[in-house]
Amino acid sequence: MLSFFKRFFKQKPLITKQDILKVSLPPHIGIIMDGNGRWARRKGLPRAAGHRAGAETLRTVVETCIDLGIPYLTVYAFSTENWKRPEEEVNALMELLVEYIDKELFKLKENGVKIKTIGNISELPAHVISRINNAELETAQNERLVLQIALNYGGRKEILDAVKNISQKVAAGNLQPDNINLQTFEEHLYTAGVPDPDLFIRTAGELRLSNFLLWQSAYTELWFTEVFWPDFQPEHLYQAIYDFQKRQRRFGGLK
Ligand code: IPE
Ligand code: IPE
Ligand code: MG
């Protein structure tokens, strides 16, 4: 009986767009898009096919966020640790990114999406860098949705880079150590000017952050699903938001 209900609810999620629009939405959602490889393996396909299907999911989720009026979305596309993967897979991921930008840029621009990458972009292949620079430039004036793409991103590296930049200012005599506060620090992160994420979604059952927005996630609400990223649907996003809306955030204070 229970398994019947589970299957029924899995196929027909109960939460609709109308349900979540009654309460205020999380202004900044972060997604650790995981499970492309397992999705592909389950289907007997190469891992790259999973990444391709994952890019389709991203397209849909961006559209859903625009539709809902979410102002900030950060997606984890490639971590500083993902270089450990076979070269073939790394290349496939880079090419998919280029393809995504080439295919989607016009529509993203029209839809008011501002593309912003976070991470060490300079270490990426030259043709990827130029696509990114162009996409950022062409969408710089947009304000409807800020889409932060974490690419060659690592939270520890981001913090280290901030420390280095701040140290250089101190060494040059342009900043006094006593004047370094939380705000100064945040201004030196890749995410400067973007509010902290309210909700993190991680797909594919792994219960960890894997170096994603470590500083910024101090009070982020975490939501996990077993669903592989290529199978993630707008209804799963509605469910995550619905669950988020039921939580009580205290930020260390009292009710
Ligand atoms: C997420 O899917 C995409 C990236 C990390 C780039 P994975 O490739 O990690 O998929 P699994 O975890 O192997 O299933
Ligand atoms: C995290 O997924 C990175 C991205 C989604 C880009 P991983 O698949 O690399 O994480 P681990 O290795 O399972 O922690
Ligand atoms: Mg993974």
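Up top is the structure.
Student: Please provide a residue-by-residue account of the site of ligand 1, values included.
Tutor: Around ligand 1 there are 13 residues in total, and Met33, Asp34, Arg38, Arg47 and Arg85 lie nearest to it. Taking Asp34, its side chain carries an N or O atom lying 2.9 Å from an oxygen atom of ligand 1. Here an oxygen atom of ligand 1 and a backbone polar atom of Gly35 are 3.4 Å apart. Here ligand 1, which alone exposes 380 Å², has 87% of that area covered by the protein. Looking at the shell around ligand 1, the elements that each hand over two or more residues are α3 (36-43), α4 (47-68) and α5 (87-110). Among the elements that take part in the shell around ligand 1, α3 stands out by supplying 3 residues, more than any other. When grouped by side-chain class, the residues that make up the shell around ligand 1 number 3 nonpolar, 5 polar and 5 charged.

Student: Run through the packing of aromatic side chains, naming residues and quoting values.
Tutor: For the structure on display, the rule yields 9 aromatic pairs. Summarising the aromatic geometry, the rings of Tyr153 and Phe212 are spaced 6.4 Å apart at their centres and angled 80° between planes, so their arrangement reads as edge-to-face. One end of the pair, Tyr153, is in strand β4 (residues 145-153); the other, Phe212, is in the loop between β5 (199-202) and β6 (221-224), with 59 residues separating them in the sequence. In terms of burial, Tyr153 and Phe212 fall into one category: buried. Residues Phe185 and Trp215 carry aromatic rings whose centres are separated by 4.4 Å and whose planes lie at 25° to one another, so their mutual orientation is stacked. Placement of Phe185 in helix α8 (residues 182-187) and of Trp215 in the loop between β5 and β6 is noted, with a sequence separation of 30 residues between them. Pairwise contacts between aromatic rings join Tyr76, Tyr153, Tyr190, Phe200 and Phe212 into one cluster.

Student: Describe the site of ligand 2, with residues and values.
Tutor: Ligand 2 sits among Ile32, Met33, Asp34, Tyr76, Ala77, Phe78, Asn82, Arg85, Arg202, Arg208 and Ser210. Within the side chain of Asp34, a nitrogen or oxygen atom sits 3.2 Å from an oxygen atom of ligand 2. Between ligand 2 and Arg85 there is a distance of 3.2 Å, counted from an oxygen atom to a side-chain nitrogen or oxygen. For ligand 2, the accessible surface in isolation is 390 Å², of which the surrounding protein chains cover 78%. When residues in the shell around ligand 2 are grouped by element, the largest group, 3 residues, is from strand β2 (residues 72-79). The class makeup of the residues in the shell around ligand 2 is 5 nonpolar, 2 polar and 4 charged.

Student: Pulling in residues and values, what's your account of the pattern of salt bridges?
Tutor: Counted by the stated rule, this structure contains 20 salt bridges. Measuring nitrogen to oxygen at the nearest pair gives 3.6 Å for the salt bridge that ties Asp19 to Lys22. For Asp19, a relative accessible area of 23% corresponds to the partly exposed category. The shortest N-O distance in the salt bridge between Glu89 and Arg47 comes to 2.7 Å. With Glu89 in helix α5 and Arg47 in helix α4, this pair connects stretches of sequence that are 42 residues apart. Here the residues in one salt-bridge network are Asp34, Arg38, Arg202, Glu206 and Arg208, joined through shared partners.

Student: Can you lay out helix α6 (residues 126-138) for me, pointing to particular residues and giving the numbers?
Tutor: In a regular helix each residue adds 1.5 Å, so 13 residues correspond to 18 Å; α6 covers 18 Å between its end C-alpha atoms and thus fits that length. Among the residues of α6, Val128, Ile132 and Ala135 are the ones counted as buried. Across the axial projection of α6, the buried residues extend over an arc of 65°, all falling on one side. Those residues of α6 that are exposed and angled more than 90 degrees off the buried face are Ala126 and Leu137. Tucked inside the fold, the buried residues of α6 contact α5, β3 (113-118) and β4.

Student: Give a detailed account of the packing of α4 against α5, specifying residues and quantitative values.
Tutor: Here α4 crosses α5 at 30°, and the two axes come no closer than 10 Å. Comparing the axis directions of α4 and α5 gives the class roughly parallel. Between α4 and α5 lies a crossing of right-handed hand. When α4 is examined against α5, the residues Arg47, Ala48, His51, Arg52, Ala55, Leu58, Arg59, Val62 and Glu63 are found in contact with a partner set consisting of Glu89, Ala92, Leu93, Leu96, Glu99, Tyr100, Lys103, Glu104, Lys107 and Leu108. Of the residues contributing to the contact of α4 with α5, the split by class is 9 nonpolar, 1 polar and 9 charged.

Rules and cut-offs
- Per-chain numbering applies: the sequence of each chain, read as written, is numbered from 1 onward.
- Chains and ligands are labelled sequentially in the order written, the chains with letters from A and the ligands with numbers from 1.
- Only residues with pLDDT of at least 70 get local features here, since the model is predicted, and only at 80 or more are side-chain atom pairs given and counted; chain-wide, interface and lining totals rely on the full set of residues.
- Neither water nor hydrogens contribute to the side-chain values; these are computed over all heavy atoms in the structure.
- Proximity criterion: a residue is near a molecule or strand once any of its heavy atoms comes within 4 Å of it.
- Identification of polar contacts relies on pairs of N or O atoms within 3.5 Å, with a donor-acceptor requirement for protein atoms, meaning one able to donate a hydrogen and the other able to accept it, and with residues adjacent in sequence counted only if both atoms are side-chain atoms.
- Under the convention used here, a 1.4 Å probe and the Shrake-Rupley method define accessible areas, while residue burial counts only the protein chains that appear.
- Labels follow the DSSP assignment, with helices taken as runs of H or I lasting at least four residues and strands as runs of E lasting at least two, numbered in each case from the N terminus.
- Any residue outside Ala, Val, Leu, Ile, Met, Phe, Trp, Tyr, Cys, Pro, Asp, Glu, Lys and Arg is labelled polar, Gly included; the first ten of those are nonpolar and the last four are charged.
- Geometry of aromatic contacts follows a simple scheme: Phe, Tyr and Trp rings, the Trp one being its six-membered ring, pair when their centres are within 6.5 Å, and the pair is stacked under 30 degrees between planes, edge-to-face over 60, tilted otherwise.
- When accessible area is computed with a 1.4 Å probe and restricted to protein chains, residues below 20% of their type maximum are described as buried, those above 50% as exposed, and intermediate ones as partly exposed.
- Here, a salt bridge means any Lys or Arg side-chain nitrogen found within 4 Å of an Asp or Glu carboxyl oxygen.
- A helix is expected to reach a length of 1.5 Å times the quantity of its residues less one.
- The directions from the helix axis to the C-beta atoms are what the arc is built from.
- By the convention used here, residues are in contact when the closest approach between their heavy atoms is within 4.5 Å.
- Fitting a line to C-alpha atoms yields each axis, with helices limited to the stretch in contact; the angle taken between N-to-C directions then spans 0 to 180 degrees.
- We call two directions roughly parallel when the angle between them is under 35 degrees, roughly antiparallel when it is over 145, roughly perpendicular when it lies between 65 and 115, and oblique otherwise.
- The sense of a crossing depends on the near helix, which, turned anticlockwise from the far helix by less than a right angle, makes the crossing left-handed and, turned clockwise, makes it right-handed.

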